[in-house]
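Structural overview
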Amino acid sequence: MSLFVLREKTPPDELVKELGEVFPIEVRKEPKERVTYHDTFDWSLDRAGLTLATTRIGRQVRVALTTTDGRVLDSIAQNTPEFASDLAPAPLPGIVEPVAKHRRLLPRARGEWTGIFISIVNPDGKAVGRLRIRIGTATPSNGEGEIDLAPRIEFFALKGYNAEEKRVTAFLKERFRVKRVKRSEQAAIYDAVGLSPGDYTSSLRLKLDPEAPAAGAAKQIHLGLLRIIEANREGLTRDWDAEFLHDFRTAVRRTRSALSQIRDVFPPDVADHFMKEFRWLGSKTGPARDIDVYLLKIPAYRAALYPSARKDLEPLVRLLKEKKKAELSRLRRCIHSRRFKKLLGDWRVFLEDSEGAEAVGSETGGSETEAPAPLRANTPIKEVASSRIWAAFRKVQKKGSRIGQFSPAEDLHKLRLDCKKLRYLLRFFQSLYPADALDPVIREIKNLQDHLGDYNDLQVQRDALRGFAEEIMESKAAPPATLLAMGQLMGQLEGKQHKERDLFHDHFSRFSRERNVRRFRRLFGPEPDTDAQTPSKRKKR
Amino acid sequence: MRILATYNFKGGVGKTATAVNLAYLAAMDGAKTLVWDLDPQGAASFYFRVKPRVKGGARKLAKGDLNLGGRIKATDFESLDLLPADFSYRHLDLDLDKAKKPEKQISRILKPLRKEYDLLFIDCAPSISLVSESVFRASDVLLVPTVPTPLSLRTLLQLLKTVRKAGLKGLGIFPFFCMVDRRRTLHRGTADLAEQIPVPFLGTEIPYSSLVEQMGLRRAPLHTFARRSKPALAYEALWYEIGDWLEDGSGYFTKG
């Protein structure tokens, strides 16, 4: 199929009329079609080259998935699919689920199309070419404002009738100045409503200048994180899917981590004030996220039980859903609070202020008196980055080597937090180092962190299940079978946790092996002559 | 690609109607289908409103120089293409005779199309010749429309003998009754007639109907103008029967 758009504002009827004067044609009007294009908030379908469109036909919905190789897989559903798991039949869910995962298939934009189908025929009444004129409008997902699209002409050449194809396209080009395009209908609609696929990702994509003053670079990092916080606000309060809260919460935690780790670049009172406020915000997101995690784990919990015991978990699911509702409304109140709005507003004002090192005014709760100049505000960012990463690495090394067979779970938890801080720092500053040298370093820390994460996760799940069991007991909200099933799960979790614990030394010795230390030292370590001074400097802080 | 040839050396028994209607049904089922009109009369080409002309004609075809892919015409139906007939095919036999291993020529020339189509229907001319032998060697199945008369059965027996002599063991021979007129006594006894033939008949019978003749007036497959008619339903039943066999016999969508 060749695709053209009408350049000028030619009424399609005029095109049909003039075409009919030159070629014998048969014309058929096509019914109006209202298409909604779906994608996840992080554009996972678009990134994977998939297009998901739904069209309402009476009480049913036609679902059309276009795959990377251009195949269109159709199906009829009773309702518009909200998640990949709602799609049917195979292979639709099998294609979309690994891409979209648990994310909601949000309606991103709508298109309304009418069509005129034209067959060009020869004296025998045989079709020698076909074309379809698509006249459409685009509407953003909130339904506000309809935008006219340039009419599109799809030309379907028929095998063995190349001469006719050439004659028709030459006519269209000369008479109507049509332009050959490749853009899909979805792309034209996204463009018209101002959407650019790929404009959101939960990772920071920064390009820092190694020589830039630390305060400015830190602000760049914080602005990137603030954009993530703001982007996820709506999806979080509307509970579109669990990832909004996850990305929001992670960005808040990374903000806190950046404030504490990239220290001495902002005035201390400013840093302290925002640290306190973001700690408050982080604490508000915790409970709802914890419940999300358990809800996401339910399918795995069910699978871990004997088939006959699976339904016994339903009271737990109900309890979690009730709790989620309560926690979410608490979180919504927080997001709509003056304190939250003020925090984000003040933070943006501070970050966008190019002066950099000045203190925030009384409005933000900071001190009005002249603040002392931050120690390292003007130090080149790469110097600050390397020293902070090196310090964080040494800390992980030191703490990890102290963990023995009988160390409490708490020590492993603390080590996990230190690993997390180190990984955040590596991510913040990754543009300052060559990617091929940084990748193995990130892989090593990720490996250790994942292991500690799994261990800690199992401990937290066990504690949480115990807590839920007590609640269920007290409220008598479930039969004993539920408690038995939960007990069974706790037993399994404990077994897994012991196994993870046994593996700690393997993982840690891998991380702390000489080769990895050399990698860190080469990238972030102090110069040999300053090596001796660095520890004493650090102690002074 | 699986190859089905509609063949009978008696004329006017419904070979072309069978090829055209079955090919249409196969394409509607989603199979990428090609019809090759090898009959110089060009009836299948006429039904699809395509000019019966092939540049190079029989001479190039017999020499193996004909680029078949470049001669294909799209029909008015999705997934259904046609290789039109050419009047020069009337002496294709003589041209083939000059070729090396003429009995393998059709198979050889079809090779480049094997990946492009799932199914090929060859509409053969009513004769027995080098051309038909070459078609037999290329085909998986011979669909033999048979009018329920003693003479027709006699030609069917002759065909079976020819195939046996040629040693074409892998070729499936599927006779079925066609143009069956229940008002005639002879036509009512098709079961008895079938017993005289050593290969089983397909279960479906195509009734005699003027609607099938109307295909020539309308220049289109039966289903496009008389979908619910008796002969249309009979062709559907026939297609199910053959389709089942094709899928059982390793499936026409998968065989290369």
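As the structure is a prediction and not an experimental result, all values here were calculated from the model.

A few points about unusual backbone geometry
Residue and element names in this part refer to chain A. The omega torsion across Ala-88 and Pro-89 is -10°, close enough to zero to call that bond cis. If you trace the backbone, Pro-89 turns up in the loop between strand 5 (72–77) and helix 3 (92–100). Cis peptide bonds are those with omega within 30 degrees of zero, and the linkage from Ala-90 to Pro-91 qualifies with 10°. Inspection of the secondary structure puts Pro-91 in the loop between strand 5 and helix 3. Look at Lys-101: it is not a glycine, yet its phi comes out positive at around 50°.

Focus: the pairing of strand 6 (residues 106–121) of chain A
All names here are of chain A. Burial analysis of strand 6 places 12 of its 16 residues in the buried class, the great majority of the element. The sheet contact formed by strand 6 and strand 7 (residues 127–140) spans 13 bridges and is antiparallel. By the bridge assignment, Thr-114 is partnered in strand 7 with Ile-135. Counting the residues in the hairpin turn of strand 6 and strand 7 gives 5 residues, including Gly-125, whose phi is positive at 80°.

Let's talk about the packing of aromatic side chains
Within this structure, the stated rule accounts for 30 aromatic pairs over all chains. Measuring from centroid to centroid gives 5.1 Å for Tyr-24 of chain B and Phe-77 of chain B, while their planes differ by 90°, and the two rings are edge-to-face. Residue Tyr-24 of chain B is located in helix 1 (residues 15–28), and its partner Phe-77 of chain B is located in the loop between strand 3 (73–74) and strand 4 (80–83); the two are separated by 53 residues in the primary sequence. Seen in terms of ring centroids, Phe-177 of chain B and Phe-201 of chain B are 4.2 Å apart; in terms of plane orientation they differ by 15°. Their pairing is stacked. Here Phe-177 of chain B, found in strand 7 (residues 172–177), pairs with Phe-201 of chain B, found in the loop between helix 9 (190–195) and helix 10 (210–218); they are 24 residues apart in sequence, far enough to count as distant. Assessed through its relative accessible area of 3%, Phe-177 of chain B is described here as buried. The structure contains a cluster of three or more aromatic residues connected by ring pairs, namely Trp-390, Phe-393, Tyr-433, Phe-504, Phe-508, Phe-511, Phe-520 and Phe-524 of chain A. It is Arg-175 of chain A that lies over the ring of Phe-176 of chain A; its NZ or CZ is 4.9 Å from the centre. In this structure, Arg-339 of chain A packs its charged tip against the face of Trp-280 of chain A, placed 4.2 Å from the ring centre.

Focus on the domain arrangement of chain A
Residues and elements named next belong to chain A. Here chain A is described as being made up of domain 1 (2–192), domain 2 (203–379) and domain 3 (383–541). Each side of the interface is counted separately: domain 1 has 6 residues, and domain 2 has 9 residues. A combined buried area of about 650 Å² lies between domain 1 and domain 2, and 62% of that area is made up of carbon and sulfur atoms. When the buried area of domain 1 at its contact with domain 2 is split by residue, Phe-41, Arg-103 and Arg-104 rank highest and sum to 68% of it. Scanning the region where domain 1 abuts domain 2 turns up 1 salt bridge. On inspection of domain 1 and its partner domain 2, the count reaches 3 residue pairs in polar contact (both at pLDDT 80 or more). For the side of domain 1 that touches domain 2, the residue count by class is 3 nonpolar, 1 polar and 2 charged.

Considerations on the packing of helix 8 (residues 268–304) of chain A against helix 13 (residues 435–475) of chain A
Residues and elements named next belong to chain A. Close contact between helix 8 and helix 13 brings their axes to 13 Å; oriented N to C, the two are set at 95°. Relative to helix 13, the element helix 8 is oriented roughly perpendicular. Residues Tyr-294, Lys-297 and Tyr-301 of helix 8 touch helix 13, and the partners they reach there are Asp-457, Val-460, Gln-461, Ala-464, Leu-465 and Phe-468.

Remarks on the interface of chain B and chain A
Taken together, the contact between chain B and chain A spans 13 residues of the former and 9 residues of the latter. Both sides of the chain B and chain A interface together cover about 960 Å² of buried area, and 37% of this is carbon and sulfur. When the buried area of chain B at its contact with chain A is split by residue, Arg-49, Ala-74 and Asp-76 of chain B rank highest and sum to 51% of it. Taken together, the connections running from chain B to chain A amount to 4 salt bridges. A salt bridge links Lys-159 of chain A to Asp-81 of chain B; the nearest nitrogen and oxygen atoms lie 3.5 Å apart. Classifying every residue of the side of chain B that touches chain A by side-chain character gives 6 nonpolar, 1 polar and 6 charged.

Examining the pairing of strand 5 of chain A
All names here are of chain A. Residues Leu-73, Ser-75 and Ala-77 line the buried face of strand 5, whereas the alternating positions Val-72, Asp-74 and Ile-76 sit on a face that is not buried. Two strands pair when backbone bridges link them, and strand 4 (residues 60–66) and strand 5 are joined in this way by 6 bridges, in the antiparallel orientation. When the sheet's bridge partners are listed, Thr-66 is paired in strand 5 with Val-72. Here strand 4 hands over to strand 5 after 5 residues, with Gly-70 in that stretch at a positive phi of 85°.

A word on the confidence of the model for chain B
Chain-level pLDDT for chain B is 89 on average; 96% of the residues reach the 70-or-more range. Note on residues 250–256 of chain B: pLDDT is under 50 here. Beyond four places in sequence and across chains, it has 21 contacts.

Description of the confidence of the model for chain A
All names here are of chain A. Across chain A, the average pLDDT comes to 89, with 94% of residues at 70 or higher. Mean pLDDT across the elements of chain A ranges from a minimum in helix 17 (residues 533–540), with 44, to a maximum in helix 10 (residues 338–352), with 96. Under a pLDDT of 50 for its full length, residues 356–368 has, in the predicted model, 28 contacts with residues more than four places off or in other chains. Note on residues 529–541: pLDDT under 50 across the span, and 10 contacts to partners over four residues away in sequence or across chains.

Some words on the pattern of salt bridges
Residue and element names in this part refer to chain A. Going through the model one piece at a time under the given rule, you end up with 47 salt bridges over all chains. One salt bridge in this structure joins Asp-74 and Arg-62, with 2.8 Å as the shortest N-O distance. With Asp-74 in strand 5 and Arg-62 in strand 4, this pair connects stretches of sequence that are 12 residues apart. Under the relative-accessibility criterion, Asp-74 is labelled partly exposed at 46%. We classify Arg-62 as partly exposed; its relative accessible area is 26%. Between Arg-302 and Glu-314 there is a salt bridge whose closest N-O contact spans 3.0 Å.

Notes on helix 1 of chain B
All names here are of chain B. Between its first and last C-alpha, helix 1 extends 20 Å over 14 residues, near the 20 Å set by a 1.5 Å rise per residue. Burial analysis of helix 1 places 13 of its 14 residues in the buried class, the great majority of the element. Once helix 1 finishes, Gly-30 follows within two positions and takes phi at roughly 100°, a positive value.

Rules behind the numbers
- Residues numbered from 1 in each chain as written.
- Chains lettered and ligands numbered in written order.
- Predicted model: local features only at pLDDT ≥ 70, side-chain atom pairs only at ≥ 80, totals over all residues.
- Heavy atoms only, no water.
- Helix = DSSP H or I, 4+ residues; strand = E, 2+ residues; numbered from the N terminus.
- Buried < 20%, exposed > 50% of the residue type's maximum accessible area, 1.4 Å probe, protein only.
- Pairing = 2+ DSSP bridges.
- Phe/Tyr/Trp six-rings, centres within 6.5 Å; stacked < 30°, edge-to-face > 60°.
- Lys NZ or Arg CZ within 6 Å of the ring centre and 35° of its normal.
- Domains from an automatic or database assignment.
- Contact = heavy atoms within 4.5 Å.
- Buried area = accessible area lost by both parts, 1.4 Å probe.
- Salt bridge = Lys/Arg side-chain N within 4 Å of Asp/Glu carboxyl O.
- Polar contact = N/O pair within 3.5 Å; in protein donor to acceptor, adjacent residues only side chain to side chain.
- Nonpolar A, V, L, I, M, F, W, Y, C, P; charged D, E, K, R; others polar.
- Axes fitted to C-alpha atoms, helices over the stretch in contact; angles between N-to-C directions.
- Parallel < 35°, antiparallel > 145°, perpendicular 65-115°, else oblique.
- pLDDT = per-residue confidence, 0-100.
- Expected span 1.5 Å × (residues − 1).

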